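# Coordinate analysis (summary)
What follows is the residue order along each chain.
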Amino acid sequence: MGVRSVSSLIRSIAGLAVGALALSGCGSSLDQSGGGSSGSDVKVGLLVPLSGVYAPLGEDMRNGFQLYLDQHGGKLGGRTVKLVTADEGEGPQTGVPAAQKLVTQDQVTTVVGVVNSATVLGMRDFFHESKKPLLVANAGADAITGARKSEYIWRTSFSNGKVSGALGPEVAKDVKGKVYLIAPDYAAGREMVAGFRKAFEAAGGKVAGEKYTPFGKTQDFQPYLSTIRASDAKAVYTFYSGAEAVSFVKQYKQFGLAGKTPLYGPGFLTEGGVLAAQGQTAVGVKTSLHYSTELDNPRNKEFVDGYRKKFNEPPTVFAVQAYDAAAVLDKALAKASGTGGEELVKALGGVGPIDSPRGQWSFDADHNVQQKFYLREVKSSGGTFVNAVIGDLG
Ligand code: PHB
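A few points on the structure.

Thresholds applied
Residues numbered from 1 in each chain as written. Predicted model: local features only at pLDDT ≥ 70, side-chain atom pairs only at ≥ 80, totals over all residues. Heavy atoms only, no water. Near = heavy atom within 4 Å. Polar contact = N/O pair within 3.5 Å; in protein donor to acceptor, adjacent residues only side chain to side chain. Areas by Shrake-Rupley, 256 points an atom, 1.4 Å probe, with all protein chains shown as cover. 1 Å grid on protein atoms, 1.4 Å probe; cavity = no way out; pocket = protein on both sides within 12 Å on 5 of 7 lines; lining within 4 Å. Sits in = over half its atoms within 2 Å of the grid points. Helix = DSSP H or I, 4+ residues; strand = E, 2+ residues; numbered from the N terminus. Buried < 20%, exposed > 50% of the residue type's maximum accessible area, 1.4 Å probe, protein only. Pairing = 2+ DSSP bridges. Contact = heavy atoms within 4.5 Å. Axes fitted to C-alpha atoms, helices over the stretch in contact; angles between N-to-C directions.

In the region of the ligand, 16 residues are neighbours, and V115, S117, G140, Y186 and S241 sit closest. The backbone of V115 places a nitrogen or oxygen atom 3.4 Å from an oxygen atom of the ligand. Within the contact set of the ligand, an oxygen atom lies 2.7 Å away from a side-chain nitrogen or oxygen of S241. Relative to its unbound accessible surface of 280 Å², the ligand loses 100% to contact with the protein. The site holding the ligand turns out to be the largest cavity.

Next comes the structure, spelled out in structure tokens:
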């Protein structure tokens, strides 16, 4: 090998090393501030599933956060954002170490994201003890803004008990007879069913049966659907999301239950790409959620247009929750006296109302979102399918 080719080899190895550093977000080893930011930059960790049944949700959240950044010149609170994205995977085994790496190795100022309730519960103590702010942009685990709340944890999404409970009185009023409850066997599945059941029974509703399916492993729902058909249920309430929601709703129709035994659930059941894949099989499904692309307000119209232009598809609740997390950080970083955990959480306490595509909302005293829930029904509209808003659930 000649001198010229050796030096070009060294140059390209050096180039690769710099590139790898930038890609892995490890520039923090050169950052002397220790606070995940230098000068007018801020390093933000985005932790969302890029693999597993919830990968489509992660993609939507990434898009929502990126759209806000693009609309604001790549800055939050006047600081240029360096975004470090990590894969949450399908549960705490992958999600917790990924969060720890973002904080300890990449030295981000804050982490945004987390889809899965079990995963957020698994990382709660780490964020609380390391005094790093975590903005939960999906996971609904009730305790995160309840029994195990932390001054370092804030949520821009919903809690499982509230989004599911919102539909209880409506179903009790609509259905003349008992309702069967079915959900994936993990924290969110159990909390969604419990939240719905409490509100439904308080409104006079009766339960025909309750079943939990192995999370992330169930593709064939036929045995469960047979049990439902053999029961005296007049309707079904379910929580599935991502890939599981597509299989459940399609098989519900194929099994002949759709139309005869109305299907209800939290709106994740028929959201975004999931609804596109379910198509006609989802028509008539009624859900409760804090967002729909169909909400008739100027802020939402502008958001839907911007999202469609950039990503060539309609936005979802997951995108909105991450978009709003960026809006919250924008306000908090503008107010904060620095990017340390304590300074940032103090500023988070003063962000005030958020002007969101879902309608205006604010943090409550436990750092959960105070918001309105909508009653939605899947309808076909102009050759596609939408979650039409058919009522307010308070
Ligand atoms: C959760 O695990 O909290 C969860 C996951 C997916 C959803 C909603 C909640 O769509």
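Moving on, we come to unusual backbone geometry. With phi around 55°, K131 is a residue other than glycine that occupies positive phi space. Inspection of the secondary structure assignment puts K131 in the loop between helix 4 (117-130) and strand 5 (134-136). The class for K131 is partly exposed, based on a relative accessible area of 41%. In this structure, N312 takes a positive phi of about 60° despite not being glycine. If you trace the backbone, N312 turns up in the loop between helix 11 (298-311) and helix 12 (317-335). Since its relative accessible area comes to 72%, N312 is described here as exposed.

Right, let's get into the sheet that holds strand 14 (residues 369-370). Reading across from one edge, 12-13-14 is the order of the 3 strands in this open sheet, with antiparallel pairing throughout. Each edge of the open sheet is held by one strand with a lone partner, namely strand 12 (354-356) and strand 14. When strand 13 (residues 359-363) meets strand 14, the two strands line up antiparallel, connected through 2 bridges. Among the inter-strand pairings, F363 is bridged to a residue of strand 14, identified as V369. Those strands touched by helix 12 are strand 12 and strand 13, and its axis lies near 150° from that of strand 12.

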